[in-house]
Amino acid sequence: MRSYSFVAILSLLAGAAHAAPQLEPAPWQPAPSGTAMAWENESNGESGRGVIGSPDDFEVNWTWERDERSGYIFCSYCGNTHFDEDAYAKLWPLEVGKEVSFWRNRSGNKWKDRIEVVGTDTFELERGEVDVYVVRWTSKAYSHSWQGETVTLYSPEIGWSVRFEHEDNKGESWAWRAVSFSE
């Protein structure tokens, strides 16, 4: 399993990684409502299941182990906050090299977020290989010292993330990978 640490992303940007697929620009089209998904935590082997719900503009909804959730594909903490959704919308259609930055406010805390489409790759699911965009989201809190980075692999074919890896300056790190999707 390839890791998408900062070093790996630099390799992608420099063209030193394996031959990446050339992808057409990907419009916003989330997975169909009712799509079931199975995931695995790469750090501890824990597994989880969910069902994708209907989107509300760019905000996606899903059920995870019976808990209702919502967020944005590349900014999971942007749900239930005040932020510039118009800036987020400029990512679409996805293309390598696109990036957006915006401020968001949540519970009196001010955050600066940046989302960049840094490359393409392939990813293995139970059903076979899918092409993906590699997207890096960095976030920094200005009311305290937290900063973090999440790298997401997004499959336009599926309309959902298939892997995400997170690391922050408080020592938290984790990675989850999709195992399967079924309608």
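Report on the accompanying structure. (Residues numbered from 1 in each chain as written. Predicted model: local features only at pLDDT ≥ 70, side-chain atom pairs only at ≥ 80, totals over all residues. Heavy atoms only, no water.)

The next subject is the packing of aromatic side chains. Across all of its chains, the model carries 17 aromatic pairs by this definition. Aromatic side chains Trp39 and Phe181 sit 6.4 Å apart centroid to centroid with 80° between the ring planes, which places their arrangement in the edge-to-face category. With Trp39 in strand 1 (residues 36-41) and Phe181 in strand 11 (residues 173-182), this pair connects stretches of sequence that are 142 residues apart. Relative accessible area serves as the criterion here: at 5%, Trp39 is assigned to the buried category. Using a relative accessible area of 12% as the deciding quantity, one classes Phe181 as buried. Seen in terms of ring centroids, Phe74 and Tyr154 are 5.6 Å apart; in terms of plane orientation they differ by 70°. Their pairing is edge-to-face. Residue Phe74 is located in the loop between strand 4 (67-71) and strand 5 (82-83), and its partner Tyr154 is located in strand 9 (residues 147-155); the two are separated by 80 residues in the primary sequence. The exposure class assigned to Tyr154 is buried, which follows from its relative accessible area of 0%. Here the aromatic cluster, defined as three or more aromatic residues joined through ring pairs, consists of Trp28, Phe58, Tyr72, Phe74, Phe83, Tyr88, Trp92, Phe102 and Tyr154. Its guanidinium or amino end placed over the ring of Trp103, Lys110 lies 4.6 Å from that ring's centre, counting from NZ or CZ. Positioned above the aromatic ring of Tyr142 is the side chain of Lys140, whose terminal nitrogen or guanidinium carbon lies 5.4 Å from the ring centre. (Phe/Tyr/Trp six-rings, centres within 6.5 Å; stacked < 30°, edge-to-face > 60°. Helix = DSSP H or I, 4+ residues; strand = E, 2+ residues; numbered from the N terminus. Buried < 20%, exposed > 50% of the residue type's maximum accessible area, 1.4 Å probe, protein only. Lys NZ or Arg CZ within 6 Å of the ring centre and 35° of its normal.)

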